[in-house]
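Survey of secondary and tertiary structure
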Amino acid sequence: FCTPQAQAFFTFVGLQAAAIVIVVLFNTVMKTTTQLLAVFERHHTLDDQETSVTFAIFIGQFINTALVAMIVYGNIPAIGNNVPDEFPILAGEFSDFTSGWYFLVGVQIMTTIIVNVVLPIVPLVTEVLFKLLLPITTRGIVLQTELNHAYLGSDFLLSTRYGM
């Protein structure tokens, strides 16, 4: 009896999940690209380079996570009525922050933010797990330089964490 409703609901949830995954993937690609471009900018100090990366990641993720959703789902009749149907900017279904907006857009934005908060923690957790296994994995190492390299760890870049 409720097959069409269930199908519509699961289609809606699937499309919303796909949109979240696309936003998170784009944010990750943008973070990596921004780091590479910051090296290309040839800053004089590492601090200047980190500041550049942090600012670029923040602006890019803000636009991608919040503004795109506002532009797609928002409705300003003075602008939306003059836009072609193939390119619907500000011609969405919400002209105000209603309960429907929070159900559709708010949930999508909050889920994307939560994923963007949790995702940078994954490399840190894996690094801690590798540190716990180091006494076992370094038993065969003879040279002190090899032990130093094994226990050194990776660089802790603030820009990729604070930009998110």
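All of the points below concern the structure found in this document. (Residues numbered from 1 in each chain as written. Predicted model: local features only at pLDDT ≥ 70, side-chain atom pairs only at ≥ 80, totals over all residues. Heavy atoms only, no water.)

**With respect to the overall build of the protein chain**
Here is the rule we go by: The helix count covers DSSP runs of H or I at least four residues long, the strand count covers runs of E at least two residues long, and both are numbered beginning at the N terminus. Note on method: radius of gyration uses C-alpha positions; expected globular size equals 2.2 Å times residues raised to 0.38. Any residue under 20% of the maximum accessible area for its type is buried, any over 50% is exposed, and the rest in between are partly exposed; the area is computed with a 1.4 Å probe on protein chains only. Note on definitions: a residue-residue contact is assigned when non-hydrogen atoms from the two residues lie within 4.5 Å.
Within the protein chain one finds seven helices and zero strands. Helices and strands appear in the protein chain in the N-to-C order α-α-α-α-α-α-α. Taken over the C-alpha trace, the protein chain has a radius of gyration of 22 Å; the compact-globule value for 164 residues is 15 Å, which it surpasses by more than 25%. Considering only C-alpha atoms, the protein chain reaches an extent of 70 × 50 × 25 Å along its principal axes. Looking at the protein chain as a whole, 24% of its 164 residues qualify as buried. Here the analysis covers contacts within the protein chain between residues at least 6 apart in sequence; of these, 55% occur between residues at least 24 apart.

**With respect to the packing of helix α1 (residues 3–40) against helix α4 (residues 99–118)**
The condition is simple: Convention adopted: a line fitted to C-alpha atoms gives each axis, helices being fitted over their contacting stretch, and angles between N-to-C directions are expressed from 0 to 180 degrees. Small angles under 35 degrees read as roughly parallel and large ones over 145 as roughly antiparallel, with 65 to 115 read as roughly perpendicular and the rest as oblique. Crossings are assigned a handedness: left-handed for a near helix turned anticlockwise from the far helix by less than a right angle, right-handed for a clockwise turn.
Contact pair α1 / α4: the axes reach a minimum separation of 10 Å and the direction vectors enclose 40°. Our classification of the angle between α1 and α4 gives oblique. Pair α1 / α4 crosses with right-handed handedness. Between α1 and α4, the residues in contact are F12, Q16, A19, I20, V23, V24 and N27 and F103, L104, V107, Q108, T111, T112, V115 and N116, respectively.

**Topic: the packing of aromatic side chains**
Convention followed: Aromatic rings from Phe, Tyr and Trp, taking only the six-membered ring of Trp, are treated as a pair when their centres fall within 6.5 Å; an angle between ring planes under 30 degrees marks them as stacked, one over 60 as edge-to-face, and anything in between as tilted.
Counted under the stated rule, the structure contains five aromatic pairs. Ring geometry for F9 against F10: centres 5.5 Å apart, planes inclined by 65°, an arrangement best described as edge-to-face. What makes F10 exposed here is its relative accessible area of 58%. A network of ring pairs unites the aromatic residues F97, W101 and Y102 as a single cluster.

**Some thoughts on a nonpolar patch on the surface**
The test is simple: For patch building, the residue pool is restricted to those with more than 30% relative accessible area and no salt bridge; the joining distance is 9 Å between like charges and 5 Å between nonpolar side chains (Val, Leu, Ile, Met, Phe, Trp, Tyr). Areas reported here follow the Shrake-Rupley algorithm with a probe of radius 1.4 Å; residue values treat only the protein chains shown as occluding. We define a salt bridge as a contact between a side-chain nitrogen of Lys or Arg and a carboxyl oxygen of Asp or Glu at a distance within 4 Å.
Taken together, the side chains of M110, I113, I114, V117, V118, I121, V125, V128, L129 and L132 present a nonpolar region at the surface, about 900 Å² in accessible area. Secondary structure elements with two or more residues in the nonpolar patch: α4 and α5 (121–137). Looking at where V128 falls in the secondary structure, it is placed in helix α5. For V128, a relative accessible area of 48% puts it in the partly exposed group.

**Topic: the nonpolar core**
Among soluble globular proteins, nonpolar side chains are generally buried collectively. What counts is decided by this rule: The nonpolar core is taken to be a set of buried Ala, Val, Leu, Ile, Met, Phe, Trp, Tyr and Cys residues, with the residues joined through side-chain atoms within 4.5 Å.
Counting residues in hydrophobic clusters, the biggest one holds six residues: A69, F94, W101, L104, V105 and I109. For this core, the element with the most residues is α4, which contributes four residues. In contact with W101, not counting residues within four places along its chain, are M70, F94, D96 and G106.

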